[in-house]
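The primary structure of each chain is shown beneath.
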Amino acid sequence: FHSSPQCPGLESETHFSSDTDFEDIEGKNQKQGKGKTCKKGKKGPAEKGKSGNGGGKPGGPNRMNGHHQQNGVENMMLFEVVKMGKSAMQSVVDDWIESYKHDRDIALLDLINFFIQCSGCKGVVTAEMFRHMQNSEIIRKMTEEFDEDSGDYPLTMAGPQWKKFKSSFCEFIGVLVRQCQYSIIYDEYMMDTVISLLTGLSDSQVRAFRHTSTLAAMKLMTALVNVALNLSINMDNTQRQYEAERNKIIGKRANDRLELLLQKRKELQENQDEIENMMNAIFKGVFVHRYRDAIAEIRAICIEEIGIWMKMYSDAFLNDSYLKYVGWTMHDKQGEVRLKCLTALQGLYYNKELNSKLELFTSRFKDRIVSMTLDKEYDVAVQAIKLLTLVLQSSEEVLTAEDCENVYHLVYSAHRPVAVAAGEFLYKKQEPSASNTLYYKSIIIFILHEHAAYLVDSMWDCATDLLKDWECMNSLLLEEPLNGEEPLTDRQESALIEIMLCTIRQAAECHPPVGRGTGKRVLTAKEKKTQLDDRTKITELFAVALPQLLAKYSVDAEKVTNLLQLPQYFDLEIYTTGRLEKHLDALLRQIRDIVEKHTDIDVLEACSKTYHALCNEEFTIFNRVDIARSQLIDELADKFNRLLEDFLQEGEEPDEDDAYQVLSTLKRITAFHNAHDLSRWDLFGCNYKLLKTGIENGDMPEQIVIHALQCTHYVILWQLAKVTESSSTKEDLLRLKKQMRVFCQICQHYLTNVNTAVKEQAFTILCDVLMIFSHQIMTGGRDMLEPLVYTPDSSLQSELLSFILDHVFIDQDDDNNSADGQQDDEASKIEALHKRRNLLAAFCKLIVYTVVEMNTAADIFKQYMKYYNDYGDIIKETMSKTRQIDKIQCAKTLILSLQQLFNEMIQENGYNFDRSSPTFSGIKELARRFALTFGLDQLKTREAIAMLHKDGIEFAFKEPNPQGESHPPLNLAFLDILSEFSSKLLRQDKRTVYVYLEKFMTFQMSLRREDVWLPLMSYRNSLLAGGDDDTMSVISGISSRGSTVRNKKTKPATGKRKVPEAEESSSSDSMWLNREQSMHTPVMMQTPQLTSTIMREPKRLRPDENYMGVYPMQPEHHQPPLDYNTQVTWMLAQRQQEEAARQQQERAAMNYVKLRSNLQHAIRRGTSLMEDDEEPIVEDVMMSSEGRIEDLNEGMDFDTMDIDLPPSKNRRERTELKPDFFDPASIMDESVG
């Protein structure tokens, strides 16, 4: 398999040049070029027929030809054996070696065809081709026979039979070289032929050839590196034996042995020279071209293998001449290639003995590795952090403090593998000493009470024993510091308590914190046992220590809040089995004292949850805890009733001290009512009196009102839980119904309170109550709760909507409601925005679950553009959900929101407004965004879009001009907005809408050319244009929806479509009507009488503003809905009635229509769509080869990435073409990296 008749050797030069890392020993390798004599032992084409068994044995060619008849079968057997991967690969290779010894040409032909077939090519290299054709000619012939119908080939094929193909293929090559390493690979024939074949195939434009041959060449190189390493070891051993023998005294020296050792060393040196020539040929002929191939998989193969070479034979390969390729490729655009670079480097940095050889590389590429910790591919980021951990262990001086800080922050990453890798880096950097105390102090200084749960989770895998040393933490908190040790500061104590809580939670729950896991996984038996052991250890330690800790920090709200969470993770049975009841009593006493001392909500809720955790009926301690809890609630309830009676006495002005006592007691009761059923204390009555007095007098402190509303809300919910879970009587239902409705009225009154915090509390609770007691309450077979269903009346809906408009849709600077008054602070602004988003989400939930009328969403939808950054996701999701409930009503709500904005503009600017004004342009933009939300499947939204156009047309012509018919209707400009939805109409529906539009037009209107009539002309044009391009036809819409959608996007309306003749129109109409039964074709249906708030008076919706709702529809349309056949007849009648007039009007207006269409098209072309509102189209995101070539390996100085090999096979010419490959001066040049 030869590259030229003159020299049947390697296609690529097999000798190392003098400037490479492999020395030209004793100058024995001579340069050879075209016309020079070939290496000894090689045969020209004329000799190949004699090179088999005995060379000149008669009948050689006949044997070869005869064998070729069976060659396909034997070759298939070799390929099939490798594909199945079941047989021992060594026996397969041994059989091939026997065949090679018998006739090497035939065996090589089998091997050549094996590589061809492994590439997925169906062609076969015949003996005739092997003898007479050049390398490039054979590859060209195989390329022609390649199956181009499929892009798959064995390395990329899926399925169980191909699953192990790659590993078997690689194993075959490795075993082949290993079995041939003592003789055959030095015969200057087999390896030359194989390397020449793989080099030629790796330069092919066919991806399958290039991929397969590159993999084979790289694995071949790896096998040769292993052979070279063994040769090097043998040479060193031989040299030591020779030196030892020579150093003996003359009498004991064995001259014969010296000669044998000298001869052996010479043979080993010759073999090593041959291996070096082969490796140089593969490296120059394949690697230096393919490591920057257009295909990422091929580049990854090259980088993976060079990492193996450097690790396996570091003396020869671990230098900057080879490291530079890994460094350059770390800038690769594909994550899998960058990943291979990092894993290759990890193998090198893991061996500390190699650190000295990596110093220059580390200094040059360290910054790149640090930046890769933020890689967009998480797998790459993880491996980059692990590599930096190895660098840190090899030398701490390499990484600066800034480098370490960049990694430290990643312990808070939401992606757990990244966080865990960063946690291990932090752990190695802060290597613990003999005492965990010092380590805890260093970690405390690092964390300083910020996101401790995520820090603990990051370090859990690598520092479990350290994090579970709760005895050490407890002693740090309770015991006095030893002589010479500094005590913990207050902040450090808080941080340590939080770390302790997080470690206990992690040990007891065995899952990461919120946002870092994919859900709870099933624990193994070993993990369950560890979990139980940890809970036992936690309980035994803190059952005794917790009362002491609470006593020490009882006045510190932050510390107490965290400490009170510990009993949630106790094994409560240990209190009994371990005879720790006295410690339980001490704990209950401490909790009671904390409740009496604190009024902070977080502390009180922590106490409530602790009682809830301890009051478990499954354990014997229940009675003891229940008695303590009941005593505490009794005292609180009695105190509250007594204080309330004094507080509400008529004629007396309550002082601040009384108000504080009432508020603090109410806070405690509310916190406990959240987790405990306090129904037997009848708290509804006293809270009702408190709230009612606040309404009547108007001077109730806001915090008292807020907590009274919350407490009453809990009373209602606990009553509902009782009647739902148990068999309740009718009296219980009626009492709950009465309390719930009275409470809703109270909340409605407080919606108009002067205090914003009170209004927000009333609004939030009211939304929750309306949601809970909506028709959803009967789901799941709970029909007996039907008397509790509560539907808000129009006035309540109006007030809720007014609250949203007044308190949510405001500018950031207008919201001055933060508690500390520091609205300029960024955190306060974020918190305020978060609160407003929650308020909006609560109201939108009522819309989505049809608790309030869908038309109330119009005031929400119209804010979509103005407040897109703050609430765009909530409003868009609400649109999507309402469209799923009722497409038509949703469309009517969207057009209603546009009408409201239009009316507001009219009120502000009058009817003679400028249509190029920002206000009008903003309404048009909003309409365009609304249109995009309908998606690309026009069949699904057909009825909704038709109804939207119907309402829009009626609104535009509703108000006639007082100056007469020669002037346009007052709302005619609305048609310009409505035209944004024309592209969502099917072609036949455009004609239907056009007919409906003409019903409102007069003949004179169609002839008007003044600017004030342009909206009508534009809208008519949008309905007439695009008949051939805007949508799918009804017939083809079902079968080829996808292709039609793409045509819609790529073929803009030209506006030059001829007006269809009458017979074409009738034909299309009949086609549409014949399809109506299956397509559910929407026609211009009569609008049914609505019961929603669309018809309500403006003042009822917004008392404080002149609210403009939808104008009532024309009287002739207010009739019961027509059945389907009547609708069709109605449409047909309209068409026949208007047909003659329409044709005449169209001809008269045609020139203007064309002009307007061209203008509209020009505007369309200049406007970019906001793609986030449109349903996505799956596009081919694969880079072209040119794009990939331009993007690869940023920072390299290669002018081109052409995968063609240089035509010359002369080493000097190649060196001139690519001087940087082995030039030491450019190894780590800044311009290259």
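The rules behind these values
- Residues numbered from 1 in each chain as written.
- Predicted model: local features only at pLDDT ≥ 70, side-chain atom pairs only at ≥ 80, totals over all residues.
- Heavy atoms only, no water.
- Helix = DSSP H or I, 4+ residues; strand = E, 2+ residues; numbered from the N terminus.
- Buried < 20%, exposed > 50% of the residue type's maximum accessible area, 1.4 Å probe, protein only.
- Contact = heavy atoms within 4.5 Å.
- Areas by Shrake-Rupley, 256 points an atom, 1.4 Å probe, with all protein chains shown as cover.
- Salt bridge = Lys/Arg side-chain N within 4 Å of Asp/Glu carboxyl O.
- Core = buried A, V, L, I, M, F, W, Y, C linked by side-chain atoms within 4.5 Å.
- Patch = residues over 30% accessible without salt bridge, like charges linked within 9 Å, V, L, I, M, F, W, Y side chains within 5 Å.
- Lys, Arg positive; Asp, Glu negative; His and termini not counted.
- Charge placed at Lys NZ, Arg CZ, Asp CG, Glu CD.
- Expected span 1.5 Å × (residues − 1).
- Phe/Tyr/Trp six-rings, centres within 6.5 Å; stacked < 30°, edge-to-face > 60°.
- pLDDT = per-residue confidence, 0-100.
- Axes fitted to C-alpha atoms, helices over the stretch in contact; angles between N-to-C directions.
- Left-handed = near helix turned anticlockwise from the far one by under 90°.
- Nonpolar A, V, L, I, M, F, W, Y, C, P; charged D, E, K, R; others polar.

Caption draft 1: View of the overall build of the protein chain. If you tally the helices and strands in the protein chain, you get 52 helices and zero strands. Scored against the burial criterion, the 1233 residues of the protein chain give a buried share of 53%. Within the protein chain, contacts between residues separated by at least 24 positions form 77% of all contacts whose residues are at least 6 apart in sequence. As presented, the protein chain carries roughly 57,500 Å² of accessible surface, and 49% of it is formed by carbon and sulfur atoms.

Caption draft 2: Molecular detail of unusual backbone geometry. One non-glycine residue, Arg-579, adopts positive backbone phi at about 55°. Here Arg-579 lies in the loop between helix 25 (573-577) and helix 26 (581-597). Residue Arg-579 is classed as exposed on the basis of its relative accessible area, which comes to 72%. Positioned with a positive phi, Thr-850 is a non-glycine residue whose angle comes to about 55°. Relative to the assigned elements, Thr-850 resides in the loop between helix 35 (826-848) and helix 36 (858-861).

Caption draft 3: Focus on the pattern of salt bridges. The tally for this structure, following the rule as stated, stands at 34 salt bridges. A salt bridge links Asp-556 to Lys-559, with the nearest nitrogen and oxygen atoms 2.6 Å apart. By the burial criterion, Asp-556 is buried, and Lys-559 matches it. Between Arg-942 and Asp-989 there is a salt bridge, with the nearest N and O atoms lying 2.6 Å from each other. Of this pair, Arg-942 sits in helix 40 (residues 942-956) while Asp-989 sits in helix 42 (residues 987-998), placing them 47 residues apart in sequence.

Caption draft 4: Molecular detail of the nonpolar core. Counting residues in each nonpolar core, the largest one holds 315 residues, and the members touching the most others are Phe-172, Phe-542, Ile-860 and Phe-957. Examining the composition of this core, we find that 15 residues originate from one element, helix 8 (residues 207-246), more than from any other. With residues up to four places along the chain from it excluded, the contact list for Ile-860 reads Leu-801, Ile-804, Phe-809, Leu-840, Phe-843, Cys-844, Ile-847 and Ile-875.

Caption draft 5: Summary view of a negative patch on the surface. A grouping of Glu-645, Asp-646, Asp-655, Glu-656, Asp-657 and Asp-658 is seen on the molecular surface, where their side chains present a negatively charged patch. When contributions to the negative patch are tallied by element, the ones reaching two or more residues are helix 28 (622-647) and helix 29 (656-675). Sorting elements by how many residues they give to the negative patch places helix 29 first, with three residues. Checked against the element boundaries, Asp-655 lands in the loop between helix 28 and helix 29.

Caption draft 6: Looking closely at helix 26. Helix length check: helix 26, at 17 residues, gives a terminal C-alpha distance of 24 Å against a target of 24 Å (1.5 Å per residue), a fit within 8%. Among all positions in helix 26, only His-583, Leu-584, Ala-586, Leu-587, Leu-588, Gln-590, Ile-591, Ile-594 and Val-595 are buried. Considering only its buried residues, helix 26 is in contact with helix 23 (525-552), helix 24 (557-563), helix 25, helix 27 (601-614), helix 28 and helix 29.

Caption draft 7: Highlighting the environment of Ile-298. Relative to the assigned elements, Ile-298 resides in helix 10 (residues 296-312). Under the relative-accessibility criterion, Ile-298 is labelled buried at 0%. Aside from chain neighbours lying at most four places away, what touches Ile-298 is Arg-210, His-211, Thr-214, Arg-290 and Asp-293.

Caption draft 8: The packing of aromatic side chains, seen in detail. For the structure shown, the criterion picks out 38 aromatic pairs. With a centroid separation of 4.9 Å and 75° between ring planes, the pair formed by Tyr-291 and Tyr-325 is classed as edge-to-face. Here Tyr-325 lies in helix 12 (residues 320-329) and Tyr-291 lies in the loop between helix 9 (255-290) and helix 10, a separation of 34 residues in the sequence. Aromatic pair Tyr-867 and Tyr-871: ring centres 6.0 Å apart, planes at 40°, arrangement tilted. Of the residues examined, Tyr-867 reaches a relative accessible area of 6% and is grouped as buried.

Caption draft 9: Spotlight on the environment of Met-473. Here Met-473 shows up in helix 21 (residues 470-478). The exposure class of Met-473 is buried, given its relative accessible area of 0%. Sequence spacing of Met-473 and Glu-493 is 20 residues, and the spatial spacing of their C-alpha atoms is 9.9 Å.

Caption draft 10: Looking closely at the confidence of the model for the protein chain. Looking at the protein chain as a whole, its pLDDT mean stands at 76, while 73% of the residues score no less than 70. Low pLDDT, under 50, characterises residues 1144-1149; the predicted model gives this stretch 15 contacts beyond four residues in sequence or across chains.

Caption draft 11: Region of the structure containing the packing of helix 30 (residues 683-697) against helix 31 (residues 702-725). Following both chains from N to C, one finds helix 30 and helix 31 inclined at 145°, their axes separated by 9 Å at the closest point. With respect to the hand of their crossing, helix 30 and helix 31 are arranged in left-handed fashion. Residue-level contacts link Leu-683, Phe-684, Asn-687, Leu-690 and Leu-691 of helix 30 to Ile-704, Val-705, Ala-708, Leu-709, Cys-711, Thr-712, Val-715 and Ile-716 of helix 31. Considered class by class, the residues forming the contact of helix 30 with helix 31 number 11 nonpolar, two polar and no charged.

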